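Coordinate analysis (summary)
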Amino acid sequence: METYRQTFSVKRLWQILAISLLLSFSILLFFGSKIYQQAPPIPEAFKTPAGDVIYTRSDIETGQNIWQSTGGMQQGSIWGHGGYLAPDWTADWLHRESLALLSLISKSELVGLPASEEQQLEMHKVTLRHEMRKNTYDEQTGIVTLTTDRAQAIKNVEQHYINLYTAKTEQSLKLRKDYAFPLNSVLDDQKARQLSAFFFWSSWAAVTTRPGDDVSYTSNWPHEPLVGNTPSASILMWSLISILLLLAGIGTIVWYYARQFDAWRADQIPETGFAQQDVVATATITPSMRATAKYFWVVTALFLAQVLLGIVTAHYAVEGQGLYGLPLIDYLPYAVTRTWHTQLAVLWIATAWLATGLYVAPMISGHEPKFQHFGVNFLFFSLLIIVVGSFAGEWLAVHGFIDNLAINFWFGHQGYEYIDLGRRANALKSFSK
Ligand code: HEM
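Please read these numbers as outputs of a predicted model, since none were measured by experiment. (Residues numbered from 1 in each chain as written. Predicted model: local features only at pLDDT ≥ 70, side-chain atom pairs only at ≥ 80, totals over all residues.)

Bringing the overall build of the protein chain into the picture now. Helix and strand counts for the protein chain stand at 16 helices and six strands. Computed over the C-alpha atoms, the radius of gyration of the protein chain is 28 Å, more than 25% above the 22 Å expected from 2.2 N^0.38 for a compact globule of 433 residues. Projected onto the principal axes, the alpha-carbon positions of the protein chain cover approximately 95 × 55 × 50 Å. Expressed as a percentage of the 433 residues in the protein chain, the buried residues total 29%. A sequence separation of at least 24 residues applies to 67% of the contacts in the protein chain between residues at least 6 apart. (Helix = DSSP H or I, 4+ residues; strand = E, 2+ residues; numbered from the N terminus. Rg over C-alpha atoms; globule rule 2.2 N^0.38 Å. Buried ≥ 20, exposed ≤ 12 C-beta atoms within 10 Å, placed from the backbone. Contact = placed C-beta atoms within 7 Å.)

If you walk across this open sheet you meet the four strands as S2-S1-S6-S5, and the pairing is mixed. Since the sheet does not close on itself, it has two edges, and those belong to strand S2 (53-56) and strand S5 (137-138), each with one partner. Inspection of the sheet shows strand S1 (residues 45-47) paired to S2 by three bridges, in the antiparallel sense. Residue Phe-46 lies in a different strand from S2, and its bridge partner there is Tyr-55. Of the strands in this sheet, S1 and S2 are in contact with helix H3 (residues 57-69), which crosses S2 at around 50 degrees. (Pairing = 2+ DSSP bridges. Axes fitted to C-alpha atoms, helices over the stretch in contact; angles between N-to-C directions.)

Counting residues in hydrophobic clusters, the biggest one holds 36 residues, and the most contacted among them are Tyr-161, Tyr-165, Leu-195, Phe-198, Phe-199 and Phe-200. Listed by contribution, the elements that provide at least two residues to this core are H3, helix H4 (89-106), helix H5 (117-133), helix H6 (148-166) and helix H8 (189-207). Here this core gets 10 residues from one element, more than from any other, and that element is H8. Beyond its immediate stretch of four places on either side in the chain, Tyr-165 contacts Val-186, Leu-187, Ala-192 and Leu-195. In this structure, Ala-180, Met-289, Leu-347 and Ala-355 belong to the second largest nonpolar core, which totals 25 residues. (Core = buried A, V, L, I, M, F, W, Y, C linked by C-beta atoms within 7 Å.)

In this section: H3. Every α-helix carries 3.6 residues per turn, so stepping three or four residues along brings you back to the same face. Its 13 residues place the ends of H3 19 Å apart at the C-alpha level, agreeing with the 18 Å of an ideal helix rising 1.5 Å per residue. All buried positions along H3 are accounted for by Asp-59, Ile-60, Gly-63, Gln-64, Ile-66, Trp-67, Gln-68 and Ser-69. Looking at the packing, one finds that the buried side of H3 touches S2, H8, helix H14 (372-398) and helix H15 (405-411). Note on H3: the residue one or two positions beyond its end, Gly-71, has a positive phi of about 120 degrees. (Expected span 1.5 Å × (residues − 1).)

On to the site of the ligand, then. Neighbouring residues of the ligand: 14 residues in total, closest Gly-83, Val-307, Gly-310, Ala-314 and Ala-345. Every element with two or more residues in the shell around the ligand is listed here: helix H12 (293-319) and helix H13 (334-365). The element best represented in the shell around the ligand is H12, accounting for seven residues. Residues belonging to the shell around the ligand are distributed by class as follows: seven nonpolar, six polar and one charged. A domain-level breakdown of the shell around the ligand finds at least three residues from each of domain 2 (41-231) and domain 3 (279-432). (Near = placed C-beta within 6 Å. Nonpolar A, V, L, I, M, F, W, Y, C, P; charged D, E, K, R; others polar. Domains from an automatic or database assignment.)

With that out of the way, let us pick up the domain arrangement of the protein chain. For the protein chain, the assigned domains read domain 1 (1-39), domain 2 (41-231) and domain 3 (279-432). One C-alpha centre belongs to domain 2, the other to domain 3, and the line joining them spans 37 Å. Contact with domain 2, which involves 21 residues of that partner, is made by 24 residues of domain 3. Counting only elements with at least two residues in the side of domain 2 that touches domain 3, the list comes to H3 and helix H7 (170-178). Taken together, the residues that form the side of domain 2 that touches domain 3 break down as seven nonpolar, 12 polar and two charged.

A separate point is H13. Between its first and last C-alpha atoms H13 spans 46 Å; for 32 residues at 1.5 Å apiece the expected length is 46 Å, and the two agree. At Leu-344, H13 shows its maximal kink, close to 30 degrees. Two residues or fewer after H13 comes Gly-366, characterised by a positive phi angle close to 70 degrees. (Bend = angle between axes of the 7 residues up to and from the residue.)

Turning our eyes to something else, we now look at the environment of Leu-405. One can find Leu-405 in helix H15. Here the alpha-carbon distance between Leu-405 and Gln-68, two residues 337 residues apart in the chain, equals 9.2 Å. Setting aside chain neighbours within four positions, we find Leu-405 in contact with Asn-65, Ile-66 and Ser-69.

With that settled, the discussion passes to the packing of H12 against H13. A pair of packed helices can be characterised by two numbers: the angle between their axes and the separation between those axes. Closest axis-to-axis distance for the H12/H13 pair is 8 Å, and the angle between their directions is 155 degrees. By the angle class used here, H12 and H13 are roughly antiparallel. Seen from above, H12 lies across H13 with left-handed handedness. For the contact of H12 with H13, a count of residues per class yields 18 nonpolar, six polar and one charged. (Parallel < 35°, antiparallel > 145°, perpendicular 65-115°, else oblique. Left-handed = near helix turned anticlockwise from the far one by under 90°.)

Now for the confidence of the model for the protein chain. Per-residue pLDDT for the protein chain has a mean of 91; in total, 96% of the residues score no lower than 70. Below pLDDT 50 for its whole length, residues 428-433 participates in zero contacts with residues either more than four positions away or in separate chains. (pLDDT = per-residue confidence, 0-100.)

The next thing to look at is the packing of H6 against H8. Taken N-terminus to C-terminus, the directions of H6 and H8 make an angle of 125 degrees; their axes are 9 Å apart at the nearest point. By the angle between their axes, H6 is oblique relative to H8. For H6 against H8, the interelement crossing comes out right-handed. Facing Ile-154, Glu-158, Tyr-161, Ile-162, Tyr-165 and Thr-166 of H6, the residues of H8 in contact are Asp-189, Ala-192, Arg-193, Leu-195, Ser-196, Phe-199 and Phe-200. Among the residues making up the contact of H6 with H8, the classes are represented as eight nonpolar, two polar and three charged.

Our focus in this paragraph is unusual backbone geometry. Residue Trp-221 is joined to Pro-222 through a cis peptide bond whose omega torsion reads 0 degrees. Despite not being glycine, Ala-167 shows a phi value in the positive range, around 55 degrees. Mapped onto the secondary structure, Ala-167 falls in the loop between H6 and H7. Judged by C-beta crowding, with 17 C-beta atoms within 10 Å, Ala-167 ranks as partly exposed.

As structure tokens, then:
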């Protein structure tokens, strides 16, 4: 049996690293390009047969930016990705539009068919499914033509969303409470309409049949049996295959490790014997190593903040408005606490890694490079600017203080869960060019 050193010789470790990198990046690039090629189109316009424009491409794209500035994936989800306290907007739109259209279709007479009410409803559902799933996207013009009934159904749903985001009606105020929306930040009618255009487009892509296929652009996701959005056979099959592959992979690694364990155990004792002294305890602490102490204080503070924000975030799910009756929603709405909570997970872990690297490097090398102390302090203040600046920008965006969408993109809320911070770092880079 091979010893540990033979199995994992330095040469072989390099080979394993190279093959792993090659394999994983090939898979990433392959599926990345597939996603790019197969992404649902954003049509130039959605029109009625008479040529009336329902939404334009610009409505949809601006709507997406508005959605991002409200907290994006922290305030509800799109195609199932995001926070689950407010609805999945795609599923919500799809369901409301399906019901609105079904009610319009049901008004039409079924001539010459003696049928019970129940039979008639089933027939109307078939018409609904057909109308919602049919792909009328014209690749040449970029236009999608929808029936007049569907345009009316879209208008009805749009009105619901305009009410919700402009907080105009009693019912919408109640819904805003249930969804833990910030109470005082509302959109104007125009922005609420463009936001609706984005929600509509996500729903259109979720139900419209992909050309040459019998599933929608999003493989029938999210679930809506009323319009035939149910899992296809291939989804069930591939889900099962991937679970089996995962289990088989874990099993193989455990089996190999168990098989080799006895042979490798002998190699666990160092050839020159165990160390006689504790390297960390006897290390000389250089000025740069000492300067990393503040990083660890910050890591502790960020971790505590994460736990506290986690508690508040969880309470919104129960109380809707705050923590044990405290009206936190006015100052720290759900979209803000969830943004900070998920971002903190990245920030304190990254800071801890960075600080450990900075502490350990001079200790291992036995050398304190010139300006290392200054560099450690400089990096610390840069980190502080990013953390405090991004938190402030996100708070301002969710409260509706950043009206300009371009400014929101750079300094406010990007709405992409985990990387919500505005792209000011890139902005600073481009300003300095
Ligand atoms: C007492 C401690 C904590 C509480 C009460 C808590 C609570 C929560 C709640 C309620 C959510 C769901 C928010 C929603 O979707 O509505 C959440 C999400 C999340 N939490 Fe925590 N959390 C705690 C600690 C942590 C820690 C220590 C980490 C990371 C190291 C963490 C990372 C996350 C992440 C990444 C998510 C987002 C998950 C996703 O939606 O995919 N949490 N947490």
